[in-house]
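Tertiary structure, described
What follows is the residue order along each chain.
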Amino acid sequence: MLQATQTVIEQALLSLGYGKEMVDLLREPMRMMTVRIPVRMDDGSTQVFTGFRAQHNDAAGPTKGGVRFHPGVTAEEVKALSIWMTLKCGIADLPYGGGKGGVICDPRRMSFRELERLSRGYVRAISQIVGPTKDIPAPDVMTNSQIMAWMMDEYSRIREFDSPGFITGKPLVLGGSHGRETATARGVTIMIEEALAASGIPLQGARIAVQGFGNAGSFLAKFMHEAGAKVVGISDVHGALHDPEGLDIPHLLDRRDSFGAVTNLFKDTLSNEELLELECDVLVPAAIENQITAANAARIKAKTIVEAANGPTTLEATHMLHDRGVLLVPDVLASAGGVIVSYFEWVQNNQGYYWTEREVDDKLRAMMVRGFRDVYELHRTRRVDMRLAAYMAGVRKTAEAVRYRGWV
Ligand code: GLU
């Protein structure tokens, strides 16, 4: 993942006319902290967890990005994800560089109190390098507004002042923003509208398959259903459901558990692999990395793919899809809605003045549409695939900031 990211970063910088030194600086995070976090478990024992925080580059502003709690977290993955955050912030023209954090753990096997102690321990461990003007964390895979609340509380105890701007994705009563919870899915919805418009297909009646029923996938299925599209497939960790006439999304949302599982309640299921190959107009991978690879890319029937997850398609598969004329809206563009509304949350915290949901949604739409058009334009005029176009649009701001500062 890191290696593939570095390959495209290099291509993007060279195509933009930057030299080897810039590539050398931006191919790795400028800072990577590894921490060990002792946590007292409910049974009285102590378990030591490993966590990371990567800061890619802060030339354009403080670094920004989520923290994931997942058993599969690795240092390499966190580094790649921090570079992707630079790209998302660059495409949306936010005054940030990219950051990312992760802790190797399985929240599904931990109690509420154990999770609280782990969240607070992680903040204590990284407190020296984060802060509202340095590096601003947020939710990511299996972390939520409650975890952000504990982290913010811990940080305000260490710094001895109330600091809502330290972290985003907070509950509303603690300085969260309207529209943050649904932001990624709203952004993906806007990207589906733009991509379908570019191909001349109406959203009304379009067939959509969504892989993953977590924060992004479940809200997206809801918005698509409300917009009159047909959600023909959804999936979660256990499997997938399929109905060519469109699934009853409100019913499925109702029965979903807190980690997004619902397919385990049904007998007639498909596998996640089969979901990707369904007959549909738009495929939305909204789960985890490396789902569309050289092994299955040729069997994907969708003409439009909108990546709501981070890194669902490998580089090889990206090239295969591009050659077949599939329009792929890459993750660093399609899933930028989350960090855009995080930026709005941080601005509101800094001002102490809060916006309505309508204001947030309108501003989000304007930024996402501009991002899509920038990337699409580069894709058309420079004749490059959509991923390289997104990397070019995304890395430009940080590279320019680095040059103005005289670092390279
Ligand atoms: N974790 C989200 C992402 O990967 C959001 C980051 C943020 O809001 O800072 O884009």
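Residues numbered from 1 in each chain as written. Predicted model: local features only at pLDDT ≥ 70, side-chain atom pairs only at ≥ 80, totals over all residues. Heavy atoms only, no water.

**Describing the overall build of the protein chain**
Defined as follows: Labels follow the DSSP assignment, with helices taken as runs of H or I lasting at least four residues and strands as runs of E lasting at least two, numbered in each case from the N terminus. It is over C-alpha atoms that the radius of gyration is taken, and the globule rule equals 2.2 Å times the number of residues to the power 0.38. Burial status follows relative accessibility: with a 1.4 Å probe on protein chains alone, a residue under 20% of its type maximum counts as buried, one over 50% as exposed, and anything between as partly exposed. Between two residues, a contact is recorded if the distance between any of their heavy atoms is within 4.5 Å. The Shrake-Rupley method, run with a 1.4 Å probe, gives the accessible areas here. Residue values count only the displayed protein chains as cover.
Check the secondary structure of the protein chain and you find 14 helices and 12 strands. The globule rule puts the C-alpha radius of gyration for 408 residues at 22 Å, and the 20 Å found for the protein chain is close to it. Taking the principal axes of the C-alpha coordinates as reference, the protein chain spans close to 55 × 55 × 40 Å. When the 408 residues of the protein chain are sorted by exposure, 59% land in the buried category. Long-range contacts, defined as pairs at least 24 residues apart, comprise 68% of the intrachain contacts of the protein chain with a sequence gap of at least 6. In the form shown here, the protein chain has an accessible surface area of approximately 16700 Å², with 48% of it arising from carbon and sulfur atoms.

**Describing the site of the ligand**
Filter applied, for reference: Any residue with a heavy atom lying within 4 Å of a molecule or strand is counted as near it. Only Asp, Glu, Lys and Arg are considered charged, only Ala, Val, Leu, Ile, Met, Phe, Trp, Tyr, Cys and Pro nonpolar, and every remaining residue, Gly among them, polar.
Neighbouring the ligand are 14 residues, the closest being Lys-64, Lys-88, Pro-139, Asp-140 and Ser-342. In isolation the ligand has 290 Å² of accessible area, and contact with the protein removes 94% of it. Elements represented by at least two residues in the shell around the ligand include exactly α3 (75-91) and α12 (337-351). Ranked by residues supplied to the shell around the ligand, first place goes to α12 with three residues. Across the shell around the ligand, the residue classes break down as four nonpolar, five polar and five charged.

**Some points on helix α6 (residues 183-199)**
Counted only if it meets this: In this analysis, the expected span of each helix is defined as 1.5 Å times one less than the number of residues it contains.
Taking 1.5 Å of rise per residue, the 17 residues of α6 would be expected to cover 24 Å, and the 24 Å separating its terminal C-alpha atoms lies within 8% of that figure. With respect to burial, α6 is a largely interior element, 12 of its 17 residues being buried.

**Observations regarding the packing of aromatic side chains**
Convention followed: When the centres of two rings from Phe, Tyr and Trp lie within 6.5 Å, Trp using its six-membered ring, the rings pair. Their planes under 30 degrees apart give stacked, over 60 give edge-to-face, and anything left gives tilted.
Tallying each qualifying case throughout the model produces nine aromatic pairs. Between Phe-112 and Trp-150, the ring centres sit 5.1 Å apart and the planes meet at 70 degrees, which makes this aromatic pair edge-to-face. Within this pair, whereas Phe-112 is found in helix α4 (residues 112-126), its partner Trp-150 is found in helix α5 (residues 145-159), the two being separated by 38 residues in sequence. Exposure remark for Phe-112: the relative accessible area of 48% places this residue in the partly exposed category. Taking the relative accessible area as the measure of exposure, Trp-150 reaches 7% and is therefore buried. Here the aromatic rings of Tyr-155 and Phe-166 are separated by 4.0 Å at their centres, their planes lie at 5 degrees, and the arrangement is stacked. With Tyr-155 in helix α5 and Phe-166 in the loop between α5 and α6, the pair connects residues that are 11 residues apart, well separated along the chain. Since its relative accessible area comes to 3%, Tyr-155 is described here as buried. On the basis of relative accessibility, which here comes to 0%, the residue Phe-166 falls in the buried class. Three or more aromatic residues link up through ring pairs in this structure, and these residues are Tyr-96, Tyr-343, Phe-344, Trp-346 and Trp-355.

**Considerations on unusual backbone geometry**
With a phi angle near 60 degrees, Glu-160 is a residue other than glycine that sits in the positive phi range. The exposure class assigned to Glu-160 is exposed, which follows from its relative accessible area of 73%. Its identity as a non-glycine residue notwithstanding, Arg-383 has a phi of 55 degrees, on the positive side. Take Arg-383: it is sitting in the loop between α13 (357-381) and α14 (386-405).

**Section: the pattern of salt bridges**
Oppositely charged side chains may form a pair once their charged atoms are brought near each other. Note the threshold: In what follows, salt bridge is the name for a side-chain nitrogen of Lys or Arg lying within 4 Å of a carboxyl oxygen of Asp or Glu.
All chains considered together, the criterion is met by 26 salt bridges. Salt-bridge contacts for Lys-397 lead to Asp-93; the nearest nitrogen and oxygen are separated by 2.7 Å. Here Lys-397, found in helix α14, pairs with Asp-93, found in the loop between α3 and β5 (97-104); they are 304 residues apart in sequence, far enough to count as distant. Taking the relative accessible area as the measure of exposure, Lys-397 reaches 26% and is therefore partly exposed. In this structure, Asp-361 and Arg-186 form a salt bridge, with 3.4 Å as the shortest nitrogen-oxygen distance. Within this pair, whereas Asp-361 is found in helix α13, its partner Arg-186 is found in helix α6, the two being separated by 175 residues in sequence. Residue class for Asp-361 comes out buried when judged on its relative accessible area of 18%. Judged by relative accessible area, which is 27%, Arg-186 ranks as partly exposed. What you see here is one network of salt bridges that share partners, running through Arg-113, Glu-116, Arg-120, Arg-124, Asp-153, Glu-154 and Arg-157.

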